Each structure stands twice: as C-alpha cells, then as structure tokens.
Amino acid sequence: MDHGNYINGQWQAAAGGATFERRNPADTRDLVGRFPESGEADVRAAVDAARAALPAWRRLTGDARAQFLRRAANLLEARKDAVAAALTREEGKTLAESGGETGRGVVLLRYYAGEGLRAGGDVLPSASPGTLLFTERVPLGVVGLITPWNFPVAIPLWKIAPALIYGNTVVLKPSELAPRTAHLIAEVLHEAGLPPGVFNLVQGARAAGEALVNAPGVDGISFTGSVATGKSIARACVERGAKYQLEMGGKNPVIVLEDADMAQAVELTVQGAMRSAGEKCTATSRAIVVESVADEFTRRVVERVRHLEMGPGTDARFYLGPLISVQSRDRVLRYVEQAKAEGARLLCGGTAAHRPDLAHGYYVWPAVLDNVRPDMAIAQEEVFGPVLAILRVPDFDRALAVANGVPFGLSASLFTRDLGSALRFAREIDAGLVRVNGETAGVEPQAPFGGMKASSSFSREQGQAAREFYTQVKTISFDKAGA
Ligand code: ADP
C-alpha cells in the first residue's frame, strides 16, 4: 500500500490491512494508487483522536488557529501544479479546471483564516439594569466530513477550513473515487503543523462513511453527495441527536427569453452544461427557451457542442474529459436512451466514444436533446453528465412554472435584458443560487452556497454562513455578586 489513513498525526494502514485501488478514468490502465479500506475500528481511532485533541484546540484563540490555515494555504499554493495533476488523473476534469479548483482551495483557507478575528456573538439589552447579557459562539465539537469526488479539493476545504477556524476537530472521509487528492490535502495540513488529532483522514467507501455517521463521539456531519445517501445520513443523525448538513443534487435550469443576448446565453449554457463533463451539482441540465427564439438558440447550442473537443484532461486542447466511472457512463447513456424512448429528439452526442485514443476511458459525447417535456425523466432527475435538455415554452410564465416544477432547487439562471423579468425571476424562482445573465455553475467563497427543496438541508456552506453549522450559540448573563 502506498497511502495511509492519517490519524492522530500518524500515517497508518487500515486496522485489518484491507486496501482498495483507484484508476485513472481517462485510461484505466493507469493505477493512481492503493488506499486503506477503512472500517469501524479505523473510524473509531480517528474519532477518539479528534476528541482528545478538541479541548486544547478549542482553547486556542481564533487568531492562533488562523496561523495554521495560513501556513496550509501557502503550502497548497506552492504545490498547486502537483495537486492539480493528481486531481485530473483520478477525477478526469481538465488541468485548467483542476488548477482553478486548487487555487480556490488556497483562497478558502485564507478566507477562513480571516474569520478567526471576526466577532462571534452579540451583546443584548437586558430587562434588568445590572445584567450584562450576551451570546458567544462555541465550537460544535468533533465534526465528520463526508465528501464526493467531483470537487475533491474545494469541497473538503470548504468544510475543513471553517470547521477548524471555529474550533472544531475533524475526521474527513473523502470519496473512494478521489482518494489521492484527499491524501495530498492531508499532507498539506500535516506539514502546516496542526497538532495531532485536530485533523484526521480516513479513506474508504460506504462502510467507512456509515461508521463515521454512527460514531457516538461525532457531534455533527457535513455531507455532500447524492440524495439517497444524504437522506440516510439525516435519518441516522436524527436518531442519535447529531447535527447534520447536507448538500445534494440539482436539476439546474437556464431560462432564455426573447430579449436575451443570444451569444452569451448560448456560450454560458454550453459552459454550464458541458464543462467538467457536467459532473457538478450546479451544472446546467435544462434550457427552458421561449418558442420565438428556441430554433435559433437550439441551432447555435448544437453547433457549439458538436465542435467541443473531448479527451484526457492532461491535454490542453480538450474542453471536457471522461466521466468518473463505468457506472456513471452507463447511467448517462441510459438516461439518453430513455429520453429518446419518451419522445425527445437527440440532436448530437449521447453515445460512448469509440475513438481508439479514448478506448480505455469512460467517455460520453456531449449530448443535446430537444423537444423535452417537463414530465420526462431527463427533465426531472439529476443526470450528472454532459447532457443538456431543451424545453420549449410559450412564455415567461410557463418558463417559471417549468423551472420550479422539479424536486430540486440549487441553482438557476435567466438570460434577459429586461429588469422587470430579472426582478420577477429573482423573487419567484425556487433556488438557493440565482443568477441573471450568468452560468448556473461557479460560486464565490465569501457568499453562502446551498439550495432549496431536495438540494440541501437547512444551513448554508461557505462565507460566514458556515458559522451556523460549525458553531453553537451560548446565551450568557453576568450579574454582580451579592444583593
Ligand atoms: P456520489 O458518489 O454520487 O458523489 P454518494 O452519496 O454515493 O454520491 O457518495 C458521497 C460520499 O458519501 C462518498 O464519500 C461516499 O463514500 C459516501 N457514502 C456513500 N454511502 C454512504 C452511507 N450510507 N453513509 C455515509 N457515507 C456514505
């Protein structure tokens, strides 16, 4: 085994010695590495270490904790190219995207270092004249972080950085499909000098995740992943009274009105749908277009998508790389077939790539489907691949109804020049992230991130919104001694 778990400041194998391997999705002959397949004993050891480290860590000032985050930011910045290369090798996105994501990781660490000196409570007027009444935010405690493979630098760091700065200790269980990137993040945190046990990494799949969710020493779970897993985590957390935070799927629409800047609408729709091969929870998966411009929009989108270059993310020529796994590829192909069977028109792509140089990867040609009806599976369910469904509607009223007629509510965008339409959209769309003339994907670290309906649980991530989850409020009053 060439990688270990990181528990109590030490690299170590899984208790039973079991391992799993990760291969490059662009070429499965390339073995990325072997990693510990952790079970309950490993998770218990990590949680025990995090518990033991908690009292000293939470006693430090925010400013002292920030020093570790700043050091980690500098280390990550110095090895940005190596981390980006590892990310592309095991996840498949392009090197440019991996570099951007790693840079975002650096920004997140610096942003939360700054939060170490921000006010954490309120002074409140008391009904009694002699009383000083105030609130203080204190750490949640030991937090378990369970993360997916599609942003294996940014998502762990937008959980780890706020968890640490607000005084929590951490056990991270990253996706089994992007373990090497998580290993490199743990190396950075180790070299930043974090005290043993403050941050722990446990590699593995579902069993390791379940063990973390059920560990009695874990006070809260922050999860990003699929809806089914999120729901099972929520149930388990409610059962034992642990706090939880869930970020799950999306079915993100763009609405294109007749007064849209057509070139912009086309470019940002294609970008939102096809960059990272559509493997983003904020990816654009539906284009809801008013009939009067639908032919033009569709023709220009298809023209653009047909010419997108696909291949290994290591080659700068390519716009999109492979999907994450064979299961993912087959699921995307099934969705396209089902859409055709339900009456949608496939205008391009939607098949596995047979080019010899792509034969060892999980590639699907980016697909555009026209004549999609709102009740079709392709218009309702998250596909998580390079597939755009076009839904034609008579007017803005119907566009809004169709946009809101799904179980999800993560991100949505409107293309228009009309301020009235923009205002109405901002008010009436069911989405946590609302954009006008922007791409559905792409977030800024200082702004709250999260969705409505089945997309997320209650509290938001990133920015100062992260404080809600990673702290709890104490209400304190002081009175003078004696009568
Ligand atoms: P996806 O693979 O589509 O991102 P998943 O929800 O399957 O979504 O996985 C997200 C993360 O949750 C991964 O780290 C995975 O190992 C973990 N996981 C999967 N099943 C469970 C479970 N039952 N309990 C806890 N964690 C889980």
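You'll find the chain entered in an unreviewed UniProt entry as 2,5-dioxovalerate dehydrogenase, with uncultured Armatimonadetes bacterium given as the organism. On record in UniProt, under Sequence similarities (unreviewed entry), the comment for the chain is "Belongs to the aldehyde dehydrogenase family."

Peer 1: Looking at this model, I keep getting lost on empty space enclosed by the protein. Mind explaining?
Peer 2: One water molecule sets the probe size; rolling that probe over the atoms shows where empty space is left. Evaluation of the coordinates by the stated rule reveals two cavities of 30 Å³ or more. Estimates place the volume of the largest cavity at around 100 Å³. For the largest cavity, the lining is made up of 15 residues, of which Gly278, Ala283, Ser285, Val383 and Phe384 are closest to its centre. When grouped by side-chain class, the residues that make up the lining of the largest cavity number six nonpolar, six polar and three charged. Residue lining of the second largest cavity: 14 residues in total, with Pro253, Arg286, Phe408, Gly409 and Ser411 positioned closest to the centre. Elements that contribute at least two residues to the lining of the second largest cavity include exactly strand S12 (252-256), strand S17 (408-409) and strand S18 (411-415). Across the lining of the second largest cavity, the residue classes tally to eight nonpolar, three polar and three charged.

Peer 1: Is there a simple way to think about unusual backbone geometry in this case?
Peer 2: Backbone geometry follows two general trends: most residues other than glycine have a negative phi, and most peptide bonds adopt the trans configuration. Despite not being glycine, Asn8 has its phi angle at roughly 55°, a positive value. Relative to the assigned elements, Asn8 resides in the loop between strand S1 (5-7) and strand S2 (10-12). Here Gln462, not a glycine, exhibits a phi torsion of approximately 65°, which is positive. The topology assignment puts Gln462 in the loop between strand S20 (452-453) and helix H15 (467-470).

Peer 1: Honestly, the site of the ligand in this entry has me stumped. Any pointers?
Peer 2: Neighbouring residues of the ligand: 19 residues in total, closest Thr147, Lys173, Glu176, Ser226 and Thr229. The contact in question runs from an oxygen atom of the ligand to an N or O atom on the side chain of Trp149, over 3.4 Å. Note that an oxygen atom of the ligand is positioned 2.6 Å from one of the side-chain N or O atoms of Lys173. Most atoms of the ligand, that is more than half of them, are within 2 Å of grid points of the largest pocket. Only helix H7 (206-214), strand S10 (220-224) and helix H8 (227-240) provide two or more residues apiece to the shell around the ligand. Among the residues making up the shell around the ligand, the classes are represented as seven nonpolar, eight polar and four charged.

Peer 1: Please explain the sheet that holds strand S5 (residues 123-124) as it appears in this structure.
Peer 2: For sheets, the rule is that strands pair by backbone hydrogen bonds, running either parallel or antiparallel. One open sheet accounts for three strands, arranged S5-S6-S21; its pairing is antiparallel. The sheet is open, and its two borders are formed by S5 and strand S21 (471-478), each paired with just one other strand. Pairing of strand S6 (residues 132-139) with S21 involves eight bridges; the strand directions are antiparallel. Opposite Glu136, over in S21, you have Lys474 as the bridge partner.

Peer 1: Sorry, what's going on with the UniProt feature "domain: Aldehyde dehydrogenase" (unreviewed entry) in the chain here?
Peer 2: Under the local residue numbering, the UniProt record ascribes the feature "domain: Aldehyde dehydrogenase" (unreviewed entry) to residues 11-476. Its end C-alpha atoms 41 Å apart, residues 11-476 is made of 41% helix and 21% strand.

Peer 1: Would you explain the pairing of S12 in this entry?
Peer 2: Remember that side chains alternate between the two faces of the sheet whenever the strand is regular. Burial runs high along S12: five of the five residues are buried. By the bridge criterion, five bridges tie S12 to strand S13 (residues 284-290) in an arrangement that is parallel. From the neighbouring strand, Ile255 faces S13, where its bridge partner is Ile288. The parallel pair S12 and S13, bridged by helix H9 (residues 262-274), forms a crossover whose chirality is right-handed. Direction of pairing for S12 relative to S18: parallel, over a ladder of three bridges. Along S18, the bridge assignment pairs Val254 with Ser413.

Procedures and definitions
- Residues numbered from 1 in each chain as written.
- Predicted model: local features only at pLDDT ≥ 70, side-chain atom pairs only at ≥ 80, totals over all residues.
- Heavy atoms only, no water.
- UniProt positions renumbered as here; feature names shortened; annotations may be inferred.
- 1 Å grid on protein atoms, 1.4 Å probe; cavity = no way out; pocket = protein on both sides within 12 Å on 5 of 7 lines; lining within 4 Å.
- Points joined across faces, edges and corners; volume = space filled by probe spheres on them.
- Nonpolar A, V, L, I, M, F, W, Y, C, P; charged D, E, K, R; others polar.
- Helix = DSSP H or I, 4+ residues; strand = E, 2+ residues; numbered from the N terminus.
- Near = heavy atom within 4 Å.
- Polar contact = N/O pair within 3.5 Å; in protein donor to acceptor, adjacent residues only side chain to side chain.
- Sits in = over half its atoms within 2 Å of the grid points.
- Pairing = 2+ DSSP bridges.
- Buried < 20%, exposed > 50% of the residue type's maximum accessible area, 1.4 Å probe, protein only.
- Right-handed = clockwise from strand over helix to strand, strands pointing away.

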